[in-house]
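Chain by chain, the residues run as shown.
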Amino acid sequence: MSSAITSKRPKKTKTTTTKITANSTTTGGQVQSLSRGLSLLKFISDSHNGVALTDLAIQAGLPNSTTHRLLTTLQQHGFVRQMGDLGLWVIASHAFVVGSSFLQSRNLMVLVHPILRQLMEDSGETVNLAIFNIDEYEAVIVDQVQCNALMRMSAPIGGLLPMHASGAGKALLSTLSEQKCLQLLHKKGLHAYTQYTHTTAAALKEDLEQIRKQGFSFDDEEHALGLRCIAACIYDEHHEAFAAISISGPISRISDDRVTEFGALVMRAAKKVSQEYGGIK
């Protein structure tokens, strides 16, 4: 059965328009109280040893009363708590529970691959992801995006890179303490892959110091003749380097004047992964 269409028009109903004023609780698509509460949560997490209400109010640019009201709400939900005789505010257990769910759900390979592909397009060279196997002091290639050039670097997934003679290896090595570096030298030695490989502790130490200063490593035909590689580290939530991204290609295309350019590209990519994977800024 179809509905009949009549010509009778419905009565107009009176509508009210809600005006949004400057004091509205939504600002720029954000709920103001939620945004303020999350800001307070961040300030507290950055303080490490706890922070007083008045200091939080100053950092947030809020009255003490508003700050206290927001903190009380966060406390009721288990995100913050007061500690000690001074009543300093610290992060509470439920914040850890929420953070842990992120750790359980994150997938490095899914997160990194689009960034590797973009880096390949930006540089025009093959890009690799290597994980640090600290027990064996080796860097293991776990992902790769090859460039479209006829002459290109190609390494097998699962292939091992020497720590002292590869871009990824040296980038990771530069983050270790001197004691751990010495353990590496004792366990693996400094095998000469080419005439450009660092085969003395002094030469390697000097290179690692340069890597720490500039933020990226440079393998200048040290692993294979005619091949150059530039790499930067990825850091986890503990600020520890556990992987590295590298750009590899022939010396004919990675000329001296492009090393700094590629260094900036690979550092930017590694920083993006560190931010998304470990929350590192």
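What counts and what doesn't
- Residues numbered from 1 in each chain as written.
- Predicted model: local features only at pLDDT ≥ 70, side-chain atom pairs only at ≥ 80, totals over all residues.
- Heavy atoms only, no water.
- Buried < 20%, exposed > 50% of the residue type's maximum accessible area, 1.4 Å probe, protein only.
- Helix = DSSP H or I, 4+ residues; strand = E, 2+ residues; numbered from the N terminus.
- Pairing = 2+ DSSP bridges.
- Salt bridge = Lys/Arg side-chain N within 4 Å of Asp/Glu carboxyl O.
- Axes fitted to C-alpha atoms, helices over the stretch in contact; angles between N-to-C directions.
- Parallel < 35°, antiparallel > 145°, perpendicular 65-115°, else oblique.
- Left-handed = near helix turned anticlockwise from the far one by under 90°.
- Contact = heavy atoms within 4.5 Å.
- Polar contact = N/O pair within 3.5 Å; in protein donor to acceptor, adjacent residues only side chain to side chain.
- Core = buried A, V, L, I, M, F, W, Y, C linked by side-chain atoms within 4.5 Å.
- Expected span 1.5 Å × (residues − 1).
- Arc of directions from axis to C-beta.

### Considerations on the pairing of strand β5 (residues 126-133)
For step 1, the next point in the chain: β5 sits mainly inside the fold: 6 of its 8 residues count as buried.
For step 2, the next point in the chain: Direction of pairing for β5 relative to strand β10 (residues 241-250): antiparallel, over a ladder of 6 bridges. Among the inter-strand pairings, A130 is bridged to a residue of β10, identified as A244.
For step 3, the next point in the chain: Bridge analysis of β5 against strand β6 (residues 138-145) gives 7 bridges, and the strand direction is antiparallel. By the bridge assignment for β6, N133 is matched with E138.

### Some details on the pattern of salt bridges
For step 1, the next point in the chain: Scanning the model with the defined rule gives 8 salt bridges in all.
For step 2, the next point in the chain: Linking K42 and D46 is a salt bridge whose minimum nitrogen-to-oxygen distance equals 3.0 Å. Pair noted here: K42 and D46 are both in helix α1 (residues 32-47), with a separation of 4 residues, about one helical turn.
For step 3, the next point in the chain: With relative accessibility at 38%, the residue K42 sits in the partly exposed group.

### Quick look at the packing of α1 against helix α2 (residues 53-60)
For step 1, the next point in the chain: Where α1 contacts α2, the axes come no closer than 10 Å and their chain directions differ by 120°. As far as their axial angle goes, α2 and α1 are oblique. For α1 against α2, the interelement crossing comes out right-handed. Contacts between α1 and α2 involve L40, F43 and I44 on the former and, on the latter, L56, Q59 and A60.

### What about the side chain of E125?
For step 1, the next point in the chain: In this structure, E125 sits in the loop between α5 (108-123) and β5.
For step 2, the next point in the chain: We classify E125 as buried; its relative accessible area is 2%.
For step 3, the next point in the chain: A polar side-chain atom of E125 sits 2.6 Å from a polar atom in the side chain of R253.
For step 4, the next point in the chain: Ignoring sequence-local partners within four residues, the contact set of E125 consists of M120, V145, C147, I247, S248, G249, P250, R253, I254 and F262.

### Details of unusual backbone geometry
Leaving glycine aside, a negative phi is the common case for residues, and trans is the common case for peptide bonds.
For step 1, the next point in the chain: In this model, E221 sits at a positive phi of 60°, which is unusual for a non-glycine residue.
For step 2, the next point in the chain: In this structure, E221 sits in the loop between β8 (217-220) and β9 (227-235).
For step 3, the next point in the chain: According to the relative accessible area criterion, E221 is buried, its value standing at 14%.
For step 4, the next point in the chain: A positive phi angle, close to 65°, is found at H239, a residue other than glycine.
For step 5, the next point in the chain: Topologically, H239 is positioned in the loop between β9 and β10.
For step 6, the next point in the chain: Using a relative accessible area of 56% as the deciding quantity, one classes H239 as exposed.

### A word on the nonpolar core
For step 1, the next point in the chain: Formed by 29 residues in total, the largest nonpolar core has its most connected members in L119, L129, I230, I234, I245, V266 and V273.
For step 2, the next point in the chain: Elements with a contribution of two residues or more to this core: α5, β5, β9, β10 and α9 (256-278).
For step 3, the next point in the chain: Sequence-distant contacts of V266, that is, excluding residues within four places in its chain, are made with L119, F216, I230, A231, A232, I245, S246 and I247.
For step 4, the next point in the chain: Y137, L176, L227 and A244 belong to the second-largest nonpolar core, a separate cluster that totals 25 residues.

### Here's the deal with α5
For step 1, the next point in the chain: Over its 16 residues, α5 extends 22 Å from the first C-alpha to the last, a length consistent with the 22 Å expected when each residue adds 1.5 Å.
For step 2, the next point in the chain: Of the positions making up α5, those classed as buried are L108, L111, V112, I115, L116, L119, M120 and S123. Taken end-on, α5 shows its buried residues confined to a sector of 155°, consistent with a single buried face. Opposite the packed face of α5, turned more than 90 degrees from it, sit the exposed residues V110 and E121.
For step 3, the next point in the chain: Elements in contact with the buried residues of α5: β5, β6, β10 and α9.
For step 4, the next point in the chain: Just downstream of α5, G124 is the residue with a positive phi angle, here 80°.

### Focus on the packing of α2 against helix α3 (residues 64-76)
For step 1, the next point in the chain: Axis separation between α2 and α3 bottoms out at 9 Å; the angle between their running directions is 105°. With respect to α3, the axis of α2 lies roughly perpendicular. Contacts between α2 and α3 involve L53, T54, L56 and A57 from the first element and N64, T67, H68 and L71 from the second.

### Some remarks on the sheet that holds β10
For step 1, the next point in the chain: Here 6 strands make up an open sheet; going across it, the order is β7-β6-β5-β10-β9-β8 and the pairing antiparallel. Looking at the sheet topology across the chains shown, the edges are occupied by β7 (160-161) and β8.
For step 2, the next point in the chain: Packed onto the sheet, α9 meets β8, β9 and β10 and runs at close to 25° relative to β9.

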